[in-house]
Amino acid sequence: MMLQSRGLVTYLAEIKPRGNAARPVSRRARVEEVMHLAVVACGNRLDETLTMLKSALLFSVKKIKFHIFTEEPLAPQFAERLSRWPPSVLARFQHSTYPITFSAGNADEWKKLFKPCAAQRLFLPVILKDVDSLLYVDTDVLFLRPIDDIWSLLKSFNSSQLAAMAPEHEVPKIGWYSRFARHPFYGVTGVNSGVMLMNLTRIRSTRFKNSMIPSGLLWEDLLHPLYQKYKNHITWGDQDLLNIIFHDNPECLFIFPCQWNYRPDHCMYGSNCKEAEEEGVSILHGNRGVYHDEKQPAFKVVYDAIRDFPFEDNMFQALFYPIQTKFLDTVNTLCGRVPQVFLKQIEKTMRKGFEQKVVRHVRPHK
């Protein structure tokens, strides 16, 4: 929406203040829903994790509870850095930090599986016993639209579905699992666990089919024997174990499209995520370390802009326009050649938020 020549100051001056009359509160007022977001951060992932949490708050509507699993030295750093955020932002979330713990098997072995501490995500249903539903994301994820939108997909689960992930790849002939996997995996190309929506209540109560016990196993009893069976055949650690589980239990998995887990693989070999082309990226997943090198500058542009954006600044001027401008320097790369994929959803989200907060309160012209 363009403000034309009247200018923003004149435009905002026309907004009519609302009255202060209190609204009656219903005795049956609904308890405010809180969204639960979990992340596992070890090693040098402090700044990357904080940028991810920041992106979740920039556009969210409902309050968020952050569940941060981290090593002892990082826990006080998270608390200190989060406390610096403006009061208006602090009012919109809660957070808890947890130590890295594994309830079955050898903790050191689990901790070293694939990336440091990544296997912790497998144990979230066991640890967070009082949480009904949860969105888990890797530290290198950025939200480009309200987290509320992916959270609402929980309502799309059928009676047997208890988790949701996106495919690992859209094109089987260049997908990793379809070419190299030495173990069972979900579907044709496998699934990527960097963004995983979970109904923890269902996960805890389900007996999962497997190749070891005919009667099935509960989640907390399944993880260690499954790892012992396949540990010499897995490459991507916990993600491979999830692929094995949902290969045996495909009816339990809801598949959301690639726009909810958009990675360099979706553009570095040519654009192959149709949903992102049509609607824009909803969640950007900068795996392969692309936020911190120059291999995929289109991803780095978005990361740097969100990291450096001052809370409460004008989002069009201090976030969207810098991203739009810096994309001009990435047009010589395959991912940079599809700027609309990166920009479309974030622009749509900001315009919608602006209209909800400002435009709807403007007095109609007589």
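Thresholds applied
- Residues numbered from 1 in each chain as written.
- Predicted model: local features only at pLDDT ≥ 70, side-chain atom pairs only at ≥ 80, totals over all residues.
- Heavy atoms only, no water.
- UniProt positions renumbered as here; feature names shortened; annotations may be inferred.
- Axes fitted to C-alpha atoms, helices over the stretch in contact; angles between N-to-C directions.
- Helix = DSSP H or I, 4+ residues; strand = E, 2+ residues; numbered from the N terminus.
- Parallel < 35°, antiparallel > 145°, perpendicular 65-115°, else oblique.
- Contact = heavy atoms within 4.5 Å.
- Nonpolar A, V, L, I, M, F, W, Y, C, P; charged D, E, K, R; others polar.
- Expected span 1.5 Å × (residues − 1).
- Buried < 20%, exposed > 50% of the residue type's maximum accessible area, 1.4 Å probe, protein only.
- Core = buried A, V, L, I, M, F, W, Y, C linked by side-chain atoms within 4.5 Å.
- Domains from an automatic or database assignment.
- Pairing = 2+ DSSP bridges.

As recorded in an unreviewed UniProt entry, the protein goes by UDP-D-xylose:beta-D-glucoside alpha-1,3-D-xylosyltransferase and comes from Betta splendens. Per UniProt, the protein carries the Catalytic activity (unreviewed entry) text "3-O-(beta-D-glucosyl)-L-seryl-[EGF-like domain protein] + UDP-alpha-D-xylose = 3-O-[alpha-D-xylosyl-(1->3)-beta-D-glucosyl]-L-seryl-[EGF-like domain protein] + UDP + H(+)". Word for word, the UniProt comment on the protein under Sequence similarities (unreviewed entry) is "Belongs to the glycosyltransferase 8 family."

S.K.: Even after reading the chapter, I still don't get the packing of helix H2 (residues 46-59) against helix H13 (residues 297-308), so can you show me in this structure?
M.R.: Geometry of a packed helix pair, given as the angle between the helix axes and the separation of the axes. Here H2 crosses H13 at 80°, and the two axes come no closer than 9 Å. With respect to each other, H2 and H13 are oriented roughly perpendicular. Where H2 approaches H13, its residues Asp47, Glu48, Thr51, Lys54, Ser55 and Leu58 are matched on the opposing element by Tyr303, Ile306, Arg307 and Asp308. Looking at the contact of H2 with H13 residue by residue, the class counts come to three nonpolar, two polar and five charged.

S.K.: Looking at this structure, I do not really get H13. What am I missing?
M.R.: Side chains that are three or four residues apart share a direction in an α-helix, a result of its 3.6 residues per turn. Along its twelve residues, H13 runs 16 Å from first to last C-alpha, staying within 8% of the 16 Å computed at 1.5 Å per residue. With ten of twelve residues buried, H13 lies mostly within the body of the structure.

S.K.: Would you mind going over the nonpolar core with me for this structure?
M.R.: Across soluble globular proteins, nonpolar side chains have a tendency to be buried as a group. Counting residues in each nonpolar core, the largest one holds 71 residues, and the members touching the most others are Leu37, Leu135, Phe143, Tyr262, Leu284 and Phe342. With eight residues, the single largest contributor to this core is H2. Both of domain 1 (35-256) and domain 2 (259-360) provide at least three residues apiece to this core. The residues contacting Tyr262, other than those within four sequence positions of it, are Cys267, Cys273, Ala276, Val281, Ile283, Leu284, His285, Phe299, Val341 and Phe342.

S.K.: Looking at this model, I keep getting lost on the sheet that holds strand S2 (residues 63-70). Mind explaining?
M.R.: Strand pairing within a sheet occurs via backbone hydrogen bonds; the two strands may be parallel or antiparallel. Pairing is mixed in the open sheet, where seven strands are placed in the order S3-S2-S1-S4-S7-S6-S10. Lying at the two open borders of the sheet, with one neighbouring strand each, are strand S3 (93-98) and strand S10 (253-255). With strand direction ignored, the average angle separating the axes of adjacent strands in the sheet is 25°. The sheet contact formed by strand S4 (residues 133-137) and strand S7 (residues 191-199) spans five bridges and is antiparallel. Paired with Tyr136 across the strands is Met196, a residue of S7.

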